[in-house]
Each structure stands twice: as structure tokens, then as C-alpha cells.
Amino acid sequence: MPQPPLSDADAALADSLFRAHHGWLLGRLFRRVRDRAEAQDVASETFTRLMGYRRLAGLQEPRAYLSTVAKSVLVQLWRHREIERAWTDSLAAQPEDFMPSPEERALWLEALERIARALDGLPPKACQAFLLSQLDGLTYAEIAERLGVSASMVRKYMAQGLQRCLQAIV
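Keep in mind that what you see is a predicted model, and the values were worked out from it rather than measured.

(A) Representation of helix 1 (residues 8-33) within the structure. The largest bend along helix 1 reaches roughly 50 degrees and is located at H21. Looking at helix 1, one finds that the buried residues are D10, A14, L17, H21, L25, L26, L29 and V33. Of the surrounding elements, those touching the buried residues of helix 1 are helix 2 (36-51) and helix 3 (62-92).

(B) Structural view of a positive patch on the surface. A contiguous patch of positive charge on the surface is contributed by R28, R31, R32, R34 and K71. Here the element with the most residues in the positive patch is helix 1; it accounts for three residues. Among the structural elements, R32 can be located in helix 1.

(C) Region of interest: the nonpolar core. L25, L29, V42, L50 and L56 are the most contacted members of the largest nonpolar core, which has 20 residues in total. Listed by contribution, the elements that provide at least two residues to this core are helix 1, helix 2 and helix 3. Looking at this core, the element that brings in the most residues is helix 1, giving six residues. If we ignore the near neighbours within four places in the chain, the residues touching V42 are L29, A70, V73, L74 and L77.

(D) Quick look at the packing of aromatic side chains. Per the counting criterion, the structure on display carries one aromatic pair. Between F18 and F47 the ring centres are 4.9 Å apart and the planes differ by 75 degrees, which places this aromatic pair in the edge-to-face class. You can see F18 sitting in helix 1 and its partner F47 sitting in helix 2, a full 29 residues away along the chain. Taking the ring centre of F30 as reference, the NZ or CZ of R36 above it sits at 5.4 Å.

(E) Helix 5 (residues 124-134), seen in detail. Taken together, the buried positions of helix 5 are A126, C127, A129, F130, L132 and S133. Buried residues in helix 5 make contact with helix 4 (102-120), helix 6 (140-147) and helix 7 (151-169).

(F) Structural context of the side chain of S133. Along the chain, S133 turns up in helix 5. Residue S133 is classed as buried on the basis of its relative accessible area of 14%. S133 has contacts with L138, Y140, I143 and M158, leaving out every residue within four places of it along the chain.

(G) Fine view of a nonpolar patch on the surface. Together, L166, I169 and V170 make up an exposed nonpolar region whose accessible area comes to about 340 Å². Mapped onto the secondary structure, L166 falls in helix 7.

(H) View of the packing of helix 5 against helix 7. It is at 8 Å that the axes of helix 5 and helix 7 come closest, and there the two elements cross at 85 degrees. The angle between the axes of helix 5 and helix 7 places the two elements in the roughly perpendicular class. Together, K125, A126, A129, F130, S133 and Q134 of helix 5 and Y157, M158, Q160, G161, L162 and C165 of helix 7 make up the contact between the two elements. Split by residue class, the contact of helix 5 with helix 7 holds seven nonpolar, four polar and one charged.

Cut-off values and rules
Residues numbered from 1 in each chain as written. Predicted model: local features only at pLDDT ≥ 70, side-chain atom pairs only at ≥ 80, totals over all residues. Heavy atoms only, no water. Bend = angle between axes of the 7 residues up to and from the residue. Helix = DSSP H or I, 4+ residues; strand = E, 2+ residues; numbered from the N terminus. Buried < 20%, exposed > 50% of the residue type's maximum accessible area, 1.4 Å probe, protein only. Contact = heavy atoms within 4.5 Å. Patch = residues over 30% accessible without salt bridge, like charges linked within 9 Å, V, L, I, M, F, W, Y side chains within 5 Å. Areas by Shrake-Rupley, 256 points an atom, 1.4 Å probe, with all protein chains shown as cover. Salt bridge = Lys/Arg side-chain N within 4 Å of Asp/Glu carboxyl O. Lys, Arg positive; Asp, Glu negative; His and termini not counted. Charge placed at Lys NZ, Arg CZ, Asp CG, Glu CD. Core = buried A, V, L, I, M, F, W, Y, C linked by side-chain atoms within 4.5 Å. Phe/Tyr/Trp six-rings, centres within 6.5 Å; stacked < 30°, edge-to-face > 60°. Lys NZ or Arg CZ within 6 Å of the ring centre and 35° of its normal. Axes fitted to C-alpha atoms, helices over the stretch in contact; angles between N-to-C directions. Parallel < 35°, antiparallel > 145°, perpendicular 65-115°, else oblique. Nonpolar A, V, L, I, M, F, W, Y, C, P; charged D, E, K, R; others polar.

What follows is the structure, given as C-alpha cells:
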């Protein structure tokens, strides 16, 4: 759902924050990613997200906030690349006639990204159990042994993972 436009005061404050901290953030990101275009993209997305923050006037530590938002943007970017790389590797192992169209590929990648975001919120063992079942095809008993938990706990983990995935795709 789109957010209402910023008030004039918030827009002026956002502009002031951009002018005061954009160069600093860009330098910090460049040192991290070593690619000027990528650093600019992440900085732009960070400030775009800042525009959605409705309490700009109450922002006590703008650089700390910007750093946190930029880190989140980077994690999403890296996760997206990891998913895309895994998808590409998976496709490379398939017969030529299996190749999806660019539109199908985009839809699959979007769905995978949403599922990855959903699984991020799970406790580590629940996420691991879900992936061991869905990707590696392990039984609940095998997963329980590998994780050092009971099979009933694996069932609970699977229910959590499936619930998150269903929420992500609806």
C-alpha cells in the first residue's frame, strides 16, 4: 500500500538529511562493496526507505539509522544474488527445452525471494529443518537425527516453515 506523501516539514528534513549524510553513506558503502554503481544504488534505496520513515524529526542518530537501513538493503541485494545464482545453476543442470521464458524466470525468482524472506524470520533450526526436507528430501527422522531434536519437533518446524511460505505467497 503506497504511503501518503511527506509533509513539507518532513520533506525538508529528508532533504537536509540527504545533503548532510549522502556523501558519508556513499563512501562507507563503497568501502564495503568496492563498486561505485552498486554503492550508489544501495545509497539511493536507503534514502528512498528513509522517506518512508514518518518520524524523521525524532531521529536521534541519523548515521546509525542510515547504516542499519543500508545494511538491510545490502543483505537483500546479496540474498537476491545468491538466489539468482542458485536458480541459474539449477537451470544449467536441466535439459535445454526446460529453460523458462524471461517472464517465467522473473516470476520464479520473485517467488523464491519472497520465500527466502519468509524463512529469514524462522528460528535457525526451523529454517534448517524446512530446507533439509524441501531441498534435500530428508525424512523427519533423518532431520531430527541431524539436528539433535525429536521428530515431533521437526513436525513443528515444518509447520512453521510451511505457514511462513504460505503467508509469503498469498
